[in-house]
Structure formats: structure tokens, C-alpha cells
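Take a look at the letters that make up each chain.
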Amino acid sequence: MSFFSKLFGGKKDHKSLMAKAEKYLAGERYADARIDFEEALACCPSDAAADRDAILNGMRIAGDRLGELNIEEGDHCARAGDLEKASSHYTLACELASGEEVKGVARQKMQKLGQQAAQPAPVKEKSQGHAHGGAACGSCKDDRREELPPDHSVQLDISEEERFSLLVQPLPGDLPQRYATLGSEFIKAYLLIHDGNDPQALKILKEMLVSGDNDIVIYEIALIMYRAGNIHECERLLGRSLELSPRNPATHLALVHLLADTGRHTLAIEATEKMIEMDILTETAQLMLGDLLHNAGEENAALDAWSKLVANPLWAKAAAERLVPVLSSQGRQEEAKFLAKKYLKGCC
């Protein structure tokens, strides 16, 4: 599963998930935002109509931006002559986008690719006598793709492998590569989890463990145990996963969240500090440490933790978003205004 995107989906309230998703959206982390908006929608009460509308709007924005980014990447691949990869990006754009405008652009790009693939290589290239076709782009490959029809009834299905690859990309560290080596049965189980079918996925994952323990498989089972309400078994499995792979970043993150969500804030803080000591997702852990300290009422310690990220351009905005309101509440207006002006475009 992506990062810890579905880790505690059934336990968190929709407002905290909305707030998290909105921060991701503001930070242009659209994939993370979309995932958290989806989880917020899943646990949003039926009588919270305004929140539901806000969540759906956030999902639309994140989905459209992801679609636009895939269109941009598809254009780049098309210019480079890799029509197959370009097609994949346009397909993903149409699947991820919510608005018909973005979907329409993706469909038009797909149609154009189909026409390009169906055309023979340019006459100029042929006249130069290159037996291998020279650099006459991806259309020289024997793909035998049919030209797409002029209407919008384009087939936009993607394979399980492509869907799996998309889902695991947000995983931290080398986990996308490691997940990709686990084989077709794991892919099947992973997609079942993503589709909400934990029982069938659990059956497959347990069968995989018959041939030997694997930290990733055990980690995924741990998340299923949590969603089933089996907290103790979840914690035991996370511990076993870390025994097998002490540097698995997803397992470390899951353990921190498990401890925090079960009210063991001191242990959660210690687990986060251990991540920092081991240099595992150091900046993420530093931000989480500040959040945990703040939730525990240790404001000054939280300020110290967040302040360590201000010098990092990639993390300064997220740190400032946390620092500014706390500094303001302490009457440290000049410091708050300075950070707001420098990192939050003046918003205090």
C-alpha cells in the first residue's frame, strides 16, 4: 500500500484526513492528497454535506492535476519517440482526472498517437537507405496498433501490472523496486487490498509466507490486522517485519502511527527519534516528531523539532505551516510574520 495511505483509514476522522489532504494539495503532492481525500470521503458522516462537498472538490483538483502531469509526461515521451510510454501516461491521465476537459485532452492525445502509430515511416527516412530504420521514432516498431476511432469511445484500460506500478510509486525509499520483485500473486493481493477486499488478499499473502518470511508481505498483513481491529497482532507483525528488515521505512512509519493512534505518545516519540538516529526518512520523521510533541503539549520541544527543517528548501514550507500558528499563540508575532512572509507568501 502507498506509504501509510490506508493504514488507519477506518479509525481516523474525516476532518483530520481533510486537513492532511489539503496540506498535501497546497504542497503540490497531488497523489498523496488524492489518497487522503478518498479516505476522508470514506469516513465522512452522511450529515456532513459541506465537508463532503469540500472533499469531492479536493479530489477533483488533485485528480485533474495528476492528469495534467501525466499528459505533460506523455508529451515528453511522444517527442522522444517512445509512443508506448506516452500512451501509458495518457491512459493514466484519463483514469486519474475528474474533469471532462482534462480527460478530453488525454483522449485527443491518444487518438493522435494511434494515427501516428498507424502511419508508415516518413519518406525521407526511407530514402536514406538505413536498413534498420534509423531514428524514425517509435512508429518503426512492429506494434501493429490500430488507429483509434475519431470519436471518444477510446479503450482506456490498463493492465494489472501498470496499475500496480502506479500505486506503489509513492512508497518511500527503495520499496517501489522491492514491491515489484514479489511476483504476480503479490500484485493480485495488493490490488485486492486497494479495492477493499482484505479477506481475499489476506489468504494470498498468508500462502506466500509458507515458502518463507518476507518483511513486505508481513507488513501488508499487519495493516490488514489493524483494519480488522486486531491491534496486538498488528503490532506483533510490525515488530517481525522490522526484525527481517530493520530499515524498512514503511514499517517504521506504520509503527509510529500505530503507537500514536493507540495513545502511546511517549513510545511514538521514541520510535520517531529512532528513525532520525537511523537516518530513515529523516525529514519526514523530524516533521512527525514535532507533531507528536505538539500533540503531547510540549510546544517548545515541537518548535525545536520543526525549526530544524526550516533550512531545508523542500521542507521549509511544511515546517513554517506548523511554526507560524504556534509562535503566534505564544505572542512571538515578529518571528511568525518573518516565517509567514518568507515561506507562506505572507499568510499568517
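Above this text sits the structure in question.
The model shown is predicted, which means the values in this text are computed figures rather than measured ones.

Visitor: It is not clear to me how the nonpolar core should be interpreted in this structure. Could you clarify?
Guide: Soluble, globular proteins show a tendency: their nonpolar side chains are buried together. F164, Y179, F186, L205, L238 and L323 are the most contacted members of the largest nonpolar core, which has 70 residues in total. In terms of residue count, the dominant contributor to this core is helix α11 (residues 215-227) (10 residues). Residue contacts for L205: discarding those within four places in its chain leaves F186, A189, I193, V217, E220, I221 and I224. Within the second largest apolar cluster, 17 residues are counted, among which are Y24, F37, L41 and C44.

Visitor: Just to check I follow, could you spell out the layout of surface pockets for this structure?
Guide: Empty space among the atoms can be located by rolling a probe the size of a water molecule over them. Quantified by volume, the largest pocket comes out at close to 1,400 Å³. Forming the boundary of the largest pocket are 41 residues, of which K20, K23, L287, D291 and R322 lie nearest the centre. Secondary-structure elements contributing two or more residues to the lining of the largest pocket are α1 (14-26), α13 (249-261), α15 (282-295) and α17 (316-329). Tallied by class, the residues present in the lining of the largest pocket amount to 22 nonpolar, seven polar and 12 charged.

Visitor: Which parts of the structure should I look at to understand unusual backbone geometry?
Guide: Backbone geometry follows two general trends: most residues other than glycine have a negative phi, and most peptide bonds adopt the trans configuration. Despite not being glycine, E28 shows a phi value in the positive range, around 60 degrees. Inspection of the secondary structure assignment puts E28 in the loop between α1 and α2 (30-42). For L281, which is not glycine, the phi torsion reads 45 degrees and is therefore positive. Mapped onto the secondary structure, L281 falls in the loop between α14 (265-277) and α15. Exposure remark for L281: the relative accessible area of 23% places this residue in the partly exposed category.

Visitor: Any chance you could explain the pattern of salt bridges here in plain terms?
Guide: A side chain with one charge can pair with a side chain of the opposite charge if their charged atoms come near. Under the definition given, this model contains 17 salt bridges. In this structure, E68 and R65 form a salt bridge, with 3.1 Å as the shortest nitrogen-oxygen distance. Here E68 pairs with R65, and both are found in helix α3 (residues 49-79), just three residues apart, close to one helical turn. A residue is classified by how much of its surface remains accessible, and E68, at 33% relative accessible area, is partly exposed. For R65, the salt bridge identified is with E72, shortest N-O distance 3.7 Å. Sharing partners across several salt bridges, the network here consists of R65, E68 and E72.

Parameters and conventions
- Residues numbered from 1 in each chain as written.
- Predicted model: local features only at pLDDT ≥ 70, side-chain atom pairs only at ≥ 80, totals over all residues.
- Heavy atoms only, no water.
- Core = buried A, V, L, I, M, F, W, Y, C linked by side-chain atoms within 4.5 Å.
- Buried < 20%, exposed > 50% of the residue type's maximum accessible area, 1.4 Å probe, protein only.
- Helix = DSSP H or I, 4+ residues; strand = E, 2+ residues; numbered from the N terminus.
- Contact = heavy atoms within 4.5 Å.
- 1 Å grid on protein atoms, 1.4 Å probe; cavity = no way out; pocket = protein on both sides within 12 Å on 5 of 7 lines; lining within 4 Å.
- Points joined across faces, edges and corners; volume = space filled by probe spheres on them.
- Nonpolar A, V, L, I, M, F, W, Y, C, P; charged D, E, K, R; others polar.
- Salt bridge = Lys/Arg side-chain N within 4 Å of Asp/Glu carboxyl O.

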